[in-house]
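# Descriptive structure summary
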Amino acid sequence: MHMNVAPHLLTEDRAEYERVLDDALSTAHARPDLAGAGTRLSLAQLRSLTLNATTLVTSAAAGEYEHFVKVREQHRAALGARPPAPSDRPGDGPGVVAILTVMVPVLAGTAAAIFLLVGAVLHAVAPTVAFGATLLTAGLVFGAVAAAGLLGAAAGLLVTALRNSPAEVSTDGPREPGPDDELSRAREAWRRALLERGILPFLRDVLAATTPPTGSPGP
């Protein structure tokens, strides 16, 4: 069966319209104003009739739908204009600072161990040779550099963890709504208007039209 699509209803929102309709039909038995749904007309028949009247039904919530589409386009434009994060930019790779932060303690620690070992051996074998003392001094210097590098790496990790941690909820007042909040509210407003002013009134009218006249003789 061919089904009409309202001119103002975008194809991507067709599924949302059908979900709102299906939700309404699934709870029809609990709505006194939809008495007769599933008896005088089956839920499948009501669904088919409502889908065929998409233009009429969705026009009842045209204002909310127009606002929802506008907010969604603004949200998408904002996402498209947002610059990529540094880690997402092609060709960047690990930063030089990050590499140095990792490599300096490792290289300095290795050099310190070698100098201290060789210097200690020379100092033990030939205490009068000044070169052994020089190696020991160099080993101590590289050891200090390695310790400073480790402290710097720890500080960098701490700063990164704090930067990536979720922002604390402010208790000073209500938070300014973001684009996602506004988009969610606009979608919910359209869904509510579509249900209350479009789908439910249409279903009530269809069921009323199939109600037998009061006092009519039975079969």
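Presented here is an overview of the structure given in this document. This one's a predicted model, so the numbers in the text were calculated from it and none came from an experiment.

Reading guide: rules and limits
Residues numbered from 1 in each chain as written. Predicted model: local features only at pLDDT ≥ 70, side-chain atom pairs only at ≥ 80, totals over all residues. Heavy atoms only, no water. Helix = DSSP H or I, 4+ residues; strand = E, 2+ residues; numbered from the N terminus. Buried < 20%, exposed > 50% of the residue type's maximum accessible area, 1.4 Å probe, protein only. Contact = heavy atoms within 4.5 Å. Areas by Shrake-Rupley, 256 points an atom, 1.4 Å probe, with all protein chains shown as cover. Polar contact = N/O pair within 3.5 Å; in protein donor to acceptor, adjacent residues only side chain to side chain. Core = buried A, V, L, I, M, F, W, Y, C linked by side-chain atoms within 4.5 Å. Axes fitted to C-alpha atoms, helices over the stretch in contact; angles between N-to-C directions. Left-handed = near helix turned anticlockwise from the far one by under 90°. Patch = residues over 30% accessible without salt bridge, like charges linked within 9 Å, V, L, I, M, F, W, Y side chains within 5 Å. Salt bridge = Lys/Arg side-chain N within 4 Å of Asp/Glu carboxyl O.

### Some thoughts on the overall build of the protein chain
Looking only at helices and strands, one finds seven helices and zero strands in the protein chain. Helices and strands appear in the protein chain in the N-to-C order α-α-α-α-α-α-α. When the 219 residues of the protein chain are sorted by exposure, 24% land in the buried category. Within the protein chain, contacts between residues at least 6 apart in sequence are counted, and of these 79% link residues at least 24 apart. Of the accessible surface of the protein chain, which amounts to about 14,500 Å², a share of 66% is contributed by carbon and sulfur atoms.

### What to know about the side chain of Arg 72
Take Arg 72: it is sitting in helix H4 (residues 62-81). Exposure remark for Arg 72: the relative accessible area of 5% places this residue in the buried category. Looking at Arg 72, its side chain comes within polar contact range of the side chain of Glu 12, at 3.5 Å.

### Quick word on the nonpolar core
Judged by nonpolar contacts, the single largest core of 29 residues is most densely connected at Tyr 17, Leu 46, Val 57, Trp 190, Leu 194 and Ile 199. Mapped by element, the contributors of at least two residues to this core are helix H1 (14-26), helix H2 (43-52), H4 and helix H7 (179-209). Per element, the largest residue contribution to this core is eleven residues, and it comes from H7. If sequence neighbours within four positions are ignored, Leu 46 has contacts with Leu 25, Ala 37, Leu 41, Leu 203, Val 206 and Leu 207.

### Re the packing of H1 against H2
Put simply, H1 and H2 touch, their axes get as near as 11 Å, and they point 145° apart. For the crossing formed where H1 meets H2, the hand is right-handed. Between H1 and H2, the residues in contact are Arg 14, Tyr 17, Glu 18, Leu 21, Asp 22 and Leu 25 and Leu 43, Leu 46, Arg 47, Thr 50 and Leu 51, respectively.

### Some thoughts on a nonpolar patch on the surface
Together, Ile 114, Leu 117, Val 118, Val 121 and Val 125 make up an exposed nonpolar region whose accessible area comes to about 470 Å². Mapping Val 121 onto the fold places it in helix H5 (residues 96-125). Residue class for Val 121 comes out partly exposed when judged on its relative accessible area of 45%.

### A few points about the side chain of Thr 58
The topology assignment puts Thr 58 in helix H3 (residues 54-59). For Thr 58, a relative accessible area of 1% gives the class buried. Among the polar contacts made by the side chain of Thr 58, one reaches the main-chain carbonyl oxygen of Thr 54 at a distance of 2.7 Å.

### Structural notes on the pattern of salt bridges
Taken as a whole and judged by the stated rule, the model has 13 salt bridges. We note a salt bridge from Glu 18 to Arg 14, for which the minimum N-O separation is 3.2 Å. Here the residue Glu 18 and the residue Arg 14 both occupy positions in helix H1, the gap between them amounting to four residues, near one helical turn. Between Asp 22 and Arg 47 there is a salt bridge whose closest N-O contact spans 2.7 Å.

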